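# Structural description and commentary
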Amino acid sequence: MSARKLLILPGDGIGPEVMREVARVTAWLSRKRGITFDVSEDLVGGASLAEYGTPIREEVIQKAREADAVLFGSVGDPKWNNVGFDKRPELAILKLRQELGLFANLRPAKVFDALVDASTLKPEVVKGLDIMIVRESTGGIYFGDPRGIETLPNGEKRGINTEVYTTHEIERVGRIAFEMARKRQNSVCSVEKHNVMESGLLWKEVITDLHAREYSDVTLSHMLADNCAMQLVRNPRQFDVIVTGNLFGDVLSDLASMLTGSLGMLPSATLGAKHSDGRMPALYEPIHGSAPDIAGKGIANPIAQILSLAMLLRYSFDLETEATMIENAVSAVLATGLRTADIMSEGKARVGTDVMGEAIVRELDKLAD
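Computed from a predicted structure; not experimentally measured.

Conventions used here
- Residues numbered from 1 in each chain as written.
- Predicted model: local features only at pLDDT ≥ 70, side-chain atom pairs only at ≥ 80, totals over all residues.
- Heavy atoms only, no water.
- Pairing = 2+ DSSP bridges.
- Helix = DSSP H or I, 4+ residues; strand = E, 2+ residues; numbered from the N terminus.
- Axes fitted to C-alpha atoms, helices over the stretch in contact; angles between N-to-C directions.
- Contact = heavy atoms within 4.5 Å.
- Polar contact = N/O pair within 3.5 Å; in protein donor to acceptor, adjacent residues only side chain to side chain.
- Parallel < 35°, antiparallel > 145°, perpendicular 65-115°, else oblique.
- Left-handed = near helix turned anticlockwise from the far one by under 90°.
- Nonpolar A, V, L, I, M, F, W, Y, C, P; charged D, E, K, R; others polar.
- Buried < 20%, exposed > 50% of the residue type's maximum accessible area, 1.4 Å probe, protein only.
- Salt bridge = Lys/Arg side-chain N within 4 Å of Asp/Glu carboxyl O.

## Concerning the sheet that holds strand S3 (residues 69–74)
Ordered by their spatial adjacency, ten strands build an open sheet running S2-S1-S3-S12-S11-S4-S5-S10-S8-S9, and the pairing between neighbours is mixed. Each edge of the open sheet carries a strand with a single partner, namely strand S2 (37–41) and strand S9 (219–224). Across the sheet, the axes of successive neighbouring strands diverge by a mean angle of 20 degrees, strand direction being ignored. Relative to strand S5 (residues 130–136), helix H9 (residues 246–259) is tilted by about 155 degrees, and along the sheet it contacts strand S4 (104–110), S5, strand S8 (187–192) and strand S10 (241–244).

Printed below as a string of structure tokens:
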């Protein structure tokens, strides 16, 4: 097969550091598995602001359109806090999602056996946890109109954001969730606030109808968002796939991530609809932030970025074997007791970013023998 076109956007803070460890893994894939990538790299976020005065250029968006997949780092830095709203580094990722039609954000929350004690919850509550949250990512309150800040006649200001969803938007993300469930434990929990929001009522009606028409073999349940937050802390293993809108998905996926013990451990994928030629736009990124306070110190955890590559192999290139190998290599390294600072615990060996990356490649060598 010809080389797969991969656009790498390291971003800000620790992004370039953890992305270097991904390069070790892609080099290993080429060397040991014959899987090659046609790689291009560009600037986004604060790095792009510093160089070009904008968080993302149209040229980068076009490169993303032409790529088979995009691997994203992280964006943001306090030094950009005072720029205008339309210059925020975070607009880079929002713009990519919008321009590429990336409507389904997949956020796994999985607890590795070796890290069961890293969670703030009791081990018996989180051991074996494996949840997939499917978050709609191009609609809802983050993109709805009207929006803005206006001055009222009495001089006060009012901020406006609008929660909007259509049948089409709900159905397409619902299909992703149901299809995902069929490959997992065959269970979907749809989350909204139909008791106080008309958009939530529509969400529930559309998901219910879709289930009856096309996915009656999958177990479907419904839950209010506030109850779901509580249940994720009380009994998270009751969930398999959770499907929800943009705002609630943002909140619940971060909550679920901390059940695992560290944001530095978790990847994500954001997928679009397949084109007529079979290509599917997709972007993969760790869920942690740019962590500017530790940037350049060589202590960042590269595992989430490496696991994002594993998701890329699985969902964009159907390379399930290699994706699983990477995940197993990460699990094996953790079982040896190596830990970066964010997941460090008593009796374990603290290592830096590069040593963790090297260790994962060594485990991959063992799995390939």
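Once the structure has been displayed, the description carries forward.
## Re the side chain of threonine 270
Take threonine 270: it is sitting in strand S11 (residues 267–271). At 3.0 Å, the side chain of threonine 270 and the side chain of asparagine 105 are in polar contact. Contact partners of threonine 270, with chain neighbours within four places excluded, come to Arg97, Leu102, Ala104, Asn105, Ser137, Pro281, Ala282, Leu283 and Glu285.

## Notes on the packing of helix H1 (residues 15–33) against helix H10 (residues 303–317)
Viewed as axis vectors pointing N to C, H1 and H10 meet at an angle of 45 degrees, and their least axial separation amounts to 8 Å. The orientation of H1 with respect to H10, classified from their angle, is oblique. Relative to H10, H1 is oriented so that their crossing is right-handed. On H10, the residues touching Val18, Met19, Glu21, Val22, Val25, Thr26 and Leu29 of H1 are Gln305, Ile306, Leu309 and Leu313. A breakdown of the residues in the contact of H1 with H10 according to their chemical character gives eight nonpolar, two polar and one charged.

## Brief notes about the side chain of asparagine 246
Here asparagine 246 is to be found in helix H9. Judged by its relative accessible area of 1%, asparagine 246 falls in the buried class. Of the polar contacts made by the side chain of asparagine 246, one reaches the side chain of arginine 135; its length is 2.8 Å.

## Quick word on the pattern of salt bridges
Under the counting rule described, the total for this entry stands at 27 salt bridges. Where arginine 213 meets glutamate 171, a salt bridge forms, and the shortest distance between an N and an O atom there is 2.9 Å. Linking arginine 213 in helix H7 (residues 198–214) with glutamate 171 in helix H6 (residues 167–182), this pair joins segments that are 42 residues apart in sequence. The exposure class assigned to glutamate 171 is buried, which follows from its relative accessible area of 17%. One salt-bridge network, in which partners are shared between bridges, spans Glu58, Arg65, Lys95 and Glu99.

Interpretation note: all reported values are geometric properties and have no functional meaning in isolation.
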